[in-house]
Amino acid sequence: MTHTDTIVALATPSGAGAIAIIRLSGNDAITIAAKLFASVSGKDLTKQKTHTVHLGNIMDDTRVIDQVLATVFKNPNSYTGENVVEFSCHGSSYIQQEIIQLCLRNGCRMAQAGEFTLRAFLSGKMDLSQAEAVADLISSDSAASHQLAIQQMRGGFSSEIKQLRQELLDFASLIELELDFAEEDVEFANRDEFQKLITRITHVLKRLIDSFATGNVLKNGIPVAIVGEPNVGKSTLLNALLNEERAIVSDIAGTTRDTIEDEITIGGIGFRFIDTAGIRETTDTIEGLGIKKTFEKMEQAQVVVYLFEASPSALRASPPKGEKYSSISVEVEKIKNRFPQKPLLVIANKIDELNVTDRSAFKKQITKTLPTTNYQLLTLSAKTGEGVEELQTTLFDFVNTGALRNNETIVTNTRHYDSLLKALEEIHKVQQGIDSNLSSDLMAIDIRQALYYFGEITGEISNDELLGNIFANFCIGK
Ligand code: GDP
């Protein structure tokens with residue numbers, strides 16, 4: 001598919017900057033650019049080689065708008081595969097607008113979100129999953145999400161899918177050929193080889209599907225719920241972790257009613273902290289709603305952090321000896337029972353309030369009272385920062401970064417995940433077909449369906465709606 005029109009957009013963030021880049025792409029990109037651009041040495045832009053840079057002025061008739069550099073890329077050697085010109089101008093919003101307006105008046109139209117990358121896809125410069133990785137790369141904000149995007153953009157995952165699709169396609173053709181010779185009862189497709197291929201495909205699909213759980217958390221950050229009674233220091237801890245005062249810290253119990261989310265990066269992995277209202281039994285309706293929300297947030301979290309205070313007042317509080325912290329024990333049990341599979345970190349906060357004697361008394365009490373298994377205990381002070389680093393290390397250790405370290409293929413995109421699930425479902429049907437000696441014509445239908453879902457991932461099969469959805473999420477100018 002080729003586009004006849006030429007598009008223009010600002011490729012750098014809007015607003016003032018040292019320089020800004022305005023990008024034109026399409027058949028007429030170079031001729032339109034040449035109309036506005038007067039090279040200082042009198043060169044004609046249309047006669048220049050691809051991948052060359054030229055100094056000149058952008059002219060609105062006789063008025064100089066700016067002195068710029070014009071970079072020329074010629075079809076097919078450009079990002080979009082079309083003729084492309086990039087003007088690097090001074091980054092004033094006014095200049096940017098003036099140049100874009102000039103381009104529009106001279107025959108360009110404004111690019112839509114992601115249209116440059118859409119054109120790159122349509123002209124075969126990249127497949128669909130690589131195009132999607134471009135958007136991920138632009139939005140990557142941690143070492144992990146960056147590595148995933150780069151890996152996908154370089155085609156690691158789609159080349160595997162393409163290869164399997166091709167092998168399946170070859171078998172499909174042979175099986176369909178058998179249909180033409182139905183009378184003769186011949187088998188062109190070697191059934192043993194076919195079985196081997198289906199086993200291999202099943203294996204690869206399962207591996208990719210499983211990788212999504214890891215990929216998703218690495219890409220979007222690990223959700224961590226911070227739970228605990230009001231006033232134990234959840235917001236303070238969050239602030240200590242974020243190192244800035246974003247959550248509301250107050251002395252009135254129960255003030256953190258809404259959940260606050262924020263993200264920090266530990267060792268290249270993003271963690272999304274969800275500060276909650278705690279799970280204390282309550283008659284206050286607003287707070288009651290908060291508790292319901294807390295459980296919902298815990299459900300969504302990958303790791304739960306339960307916070308309580310180790311202050312002298314808590315240590316000397318009313319329950320008789322041996323029963324101190326028993327209510328905390330009950331809460332911890334509650335969380336463990338409700339979310340048995342979730343890593344649970346139990347944190348004793350406000351350790352700074354305990355002197356040396358209190359600290360050892362506290363340790364004794366707490367080991368006596370708390371459940372013995374399935375959680376990790378840490379003591380810290382959110383206020384002074386003591387133990388906060390250990391918390392970060394512990395959190396990092398919860399994340400399985402093995403796959404990332406080993407450079408394994410990891411699926412991060414929900415659309416790919418859906419297609420992989422559907423492809424696996426169809427491959428299961430094919431397997432059942434093999435097992436039950438299904439006739440070639442019926443088998444061919446299931447294979448075609450599986451091929452369809454494979455093709456959806458890399459874009460061999462696509463439609464306007466699908467492309468529209470994908471590229472609408474891009475920024476303009478990419
Ligand atoms: P939340 O309701 O659980 O979010 O508790 P806050 O973070 O609002 O803290 C309640 C009070 O405890 C505030 O006055 C904090 O300054 C104080 N606080 C929090 N963490 C610590 C700590 O580690 N040591 C001491 N001494 N006070 C703390």
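What counts and how
Residues numbered from 1 in each chain as written. Predicted model: local features only at pLDDT ≥ 70, side-chain atom pairs only at ≥ 80, totals over all residues. Heavy atoms only, no water. Helix = DSSP H or I, 4+ residues; strand = E, 2+ residues; numbered from the N terminus. Buried < 20%, exposed > 50% of the residue type's maximum accessible area, 1.4 Å probe, protein only. Contact = heavy atoms within 4.5 Å. Polar contact = N/O pair within 3.5 Å; in protein donor to acceptor, adjacent residues only side chain to side chain. Pairing = 2+ DSSP bridges. UniProt positions renumbered as here; feature names shortened; annotations may be inferred. Axes fitted to C-alpha atoms, helices over the stretch in contact; angles between N-to-C directions. Left-handed = near helix turned anticlockwise from the far one by under 90°. Nonpolar A, V, L, I, M, F, W, Y, C, P; charged D, E, K, R; others polar. Patch = residues over 30% accessible without salt bridge, like charges linked within 9 Å, V, L, I, M, F, W, Y side chains within 5 Å. Areas by Shrake-Rupley, 256 points an atom, 1.4 Å probe, with all protein chains shown as cover. Salt bridge = Lys/Arg side-chain N within 4 Å of Asp/Glu carboxyl O. Lys, Arg positive; Asp, Glu negative; His and termini not counted. Arc of directions from axis to C-beta. Core = buried A, V, L, I, M, F, W, Y, C linked by side-chain atoms within 4.5 Å. Phe/Tyr/Trp six-rings, centres within 6.5 Å; stacked < 30°, edge-to-face > 60°. Lys NZ or Arg CZ within 6 Å of the ring centre and 35° of its normal.

Engineer: Teacher, can you tell me more about the environment of Arg-109 here?
Structural biologist: Inspection of the secondary structure assignment puts Arg-109 in strand β7 (residues 108-110). According to the relative accessible area criterion, Arg-109 is partly exposed, its value standing at 28%. Taking the C-alpha atoms as reference points, Arg-109 and Thr-6, 103 residues apart in sequence, are found 6.4 Å from one another. Discounting chain neighbours no more than four positions away, the residues touching Arg-109 are Asp-5, Thr-6, Ile-7, Val-8, Leu-104, Glu-115 and Arg-119. A polar atom in the side chain of Arg-109 sits 2.6 Å from the side chain of Asp-5.

Engineer: Explain the pairing of strand β5 (residues 63-73) to me, please; I cannot follow it from the model alone.
Structural biologist: Looking along a regular strand, one sees side chains alternate from face to face of the sheet. Taken together, the nine bridges between strand β4 (residues 52-60) and β5 define a ladder with antiparallel strand orientation. Its bridge partner lying in β5, Asn-57 is registered against Gln-67. Joining the antiparallel neighbours β4 and β5 is a turn of two residues, in which Asp-61 adopts a positive phi near 65°. Here β5 pairs with strand β6 (residues 84-91) via five bridges, running antiparallel. The residue bridging Ala-70 from the neighbouring strand is Phe-87, located in β6.

Engineer: For this particular structure, what's the right way to read the UniProt feature "binding site: Mg(2+)" (unreviewed entry) in the chain?
Structural biologist: Feature annotation in UniProt places "binding site: Mg(2+)" (unreviewed entry) on Ser-235 and Thr-256, given in this structure's numbering. Locating Ser-235 in the fold gives a position in helix α8 (residues 234-242).

Engineer: Before we go on, may I ask you to explain α8 in this structure?
Structural biologist: Because the α-helix completes a turn every 3.6 residues, residues three or four places apart line up on one side. Counting buried positions along α8 gives seven out of nine residues, so the element sits mostly inside the fold. Of the residues making up α8, those classed as buried are Lys-234, Ser-235, Leu-237, Leu-238, Asn-239, Leu-241 and Leu-242.

Engineer: What's the story with the packing of helix α7 (residues 191-220) against helix α16 (residues 440-458) in this structure? I'm lost.
Structural biologist: Helix packing for two helices is described by the angle between their axes and how far apart those axes are. α16 packs onto α7 with a crossing angle of 30° between their chain directions and a minimal axis gap of 14 Å. Considering how the two elements wind past one another, α7 and α16 form a crossing that is left-handed. Here Arg-191, Phe-194, Ile-201 and Leu-205 of α7 come into contact with α16, specifically with Ser-440, Met-443, Ile-447 and Phe-454. Considered class by class, the residues forming the contact of α7 with α16 number six nonpolar, one polar and one charged.

Engineer: I keep staring at a nonpolar patch on the surface and nothing clicks. Help me out?
Structural biologist: Taken together, the side chains of Leu-174, Leu-177, Phe-181, Val-186 and Phe-188 define a hydrophobic patch exposed on the protein surface, amounting to about 360 Å² of accessible area. Tracing the chain through its elements places Phe-181 in the loop between α6 (156-180) and α7. Look at Phe-181 and you get partly exposed, because its relative accessible area is 32%.

Engineer: What am I meant to see in the side chain of Asp-446 here?
Structural biologist: By the element assignment, Asp-446 lies in helix α16. One buried charged residue, Asp-446, remains without a salt bridge, the closest side chain of opposite sign being Lys-429 at 5.2 Å. Once you skip the residues sitting within four places of it in the chain, Asp-446 turns out to touch Glu-426, Lys-429, Val-430 and Leu-438.

Engineer: Hey, could you run me through the pairing of β4 in this one?
Structural biologist: As paired elements, strand β3 (residues 37-39) and β4 share three bridges and run antiparallel to each other. Directly across from Ser-39, in β4, lies its bridge partner Gly-56.

Engineer: Would you mind showing me how to read the sheet that holds β6 here?
Structural biologist: Hydrogen bonds along the backbone pair up the strands of a sheet, which may run parallel or antiparallel. Read across the open sheet, the seven strands follow the order β3-β4-β5-β6-β2-β1-β7; overall the sheet is mixed. Each edge of the sheet is formed by a strand with only one pairing partner; in this case those strands are β3 and β7. Neighbour-to-neighbour, the strand axes of this sheet turn through a mean angle of 35°, independent of strand direction. Most of the contacts of helix α1 (residues 29-36) go to β6, to which it runs at about 35°, and overall it touches β1 (6-10), β2 (17-25), β3, β4, β5, β6 and β7. Across the sheet, helix α2 (residues 93-105) touches β1, β2, β4, β5, β6 and β7, and the angle it forms with β5 is around 70°.

Engineer: It is not clear to me how the pattern of salt bridges should be interpreted in this structure. Could you clarify?
Structural biologist: Proximity of charged atoms lets side chains of opposite charge pair with each other. Counting across every chain of the model gives 22 salt bridges. Among the ionic pairs, Glu-460 bridges to Arg-165, the shortest N-O distance being 3.9 Å. Of the two residues, Glu-460 sits in the loop between α16 and α17 (464-472) while Arg-165 sits in helix α6, which places them 295 residues apart along the sequence. Ionic pairing is found between Glu-178 and Arg-191, a salt bridge with its closest N-O pair at 3.1 Å. Here Glu-178 is found in helix α6, whereas its partner Arg-191 is found in helix α7, with 13 residues between them in sequence. Linked by salt bridges that have partners in common, Asp-5, Glu-82, Arg-109, Glu-115 and Arg-119 make up one network.

Engineer: Quick question: what am I supposed to make of α17 here?
Structural biologist: Listed in full, the buried residues belonging to α17 are Leu-466, Leu-467, Ile-470 and Phe-471. In an axial view of α17, the angular spread of the buried residues amounts to 115°, which keeps them on one side of the axis. Opposite its buried face, α17 presents the exposed residues Asp-464, Glu-465 and Ala-472, each directed more than 90 degrees away. Summarising the contacts, the buried residues of α17 are in contact with α3 (115-122), α4 (128-139) and α15 (414-435). With a side-chain oxygen lying 3.1 Å from the backbone nitrogen of Glu-465, the N-terminal cap of α17 falls on Asn-463.

Engineer: Please explain the nonpolar core as it appears in this structure.
Structural biologist: If you look at soluble globular proteins, the nonpolar side chains tend to sit buried side by side. Formed by 32 residues in total, the largest nonpolar core has its most connected members in Leu-168, Phe-194, Ile-201, Leu-205, Leu-420, Ile-447 and Phe-454. Among the elements of the structure, α6, α7, α15 and α16 are those that each provide at least two residues to this core. Sort the elements by how many residues they give to this core and α7 lands first, with nine residues. Grouped together as the second largest cluster of nonpolar side chains are 30 residues, Leu-148, Phe-271, Leu-345 and Leu-395 included.

Engineer: Explanation requested: the packing of aromatic side chains in the structure shown.
Structural biologist: Pairs of aromatic rings are described using the distance from one ring centre to the other and the angle between the two planes. Taken as a whole and assessed by the stated rule, the structure comprises seven aromatic pairs. Between the aromatic rings of Phe-308 and Phe-362, the centroid separation amounts to 6.3 Å while the plane-to-plane angle is 40°, which identifies the pairing as tilted. Of this pair, Phe-308 sits in strand β11 (residues 303-309) while Phe-362 is found in helix α12 (residues 356-369), placing the two residues 54 residues apart along the sequence. The residues Phe-308 and Phe-362 share a single accessibility class, namely buried. When the centroid spacing of 5.1 Å and the interplanar angle of 35° are considered together, the rings of Phe-471 and Phe-474 count as tilted. Phe-474 carries the same exposure label as Phe-471, and that label is buried. In this structure, Arg-23 is placed above the aromatic ring of Phe-116, and the distance from its NZ or CZ to the ring centre is 5.1 Å. Between Arg-338 and the ring centre of Phe-295, over which it is positioned, the NZ or CZ distance is 4.0 Å.

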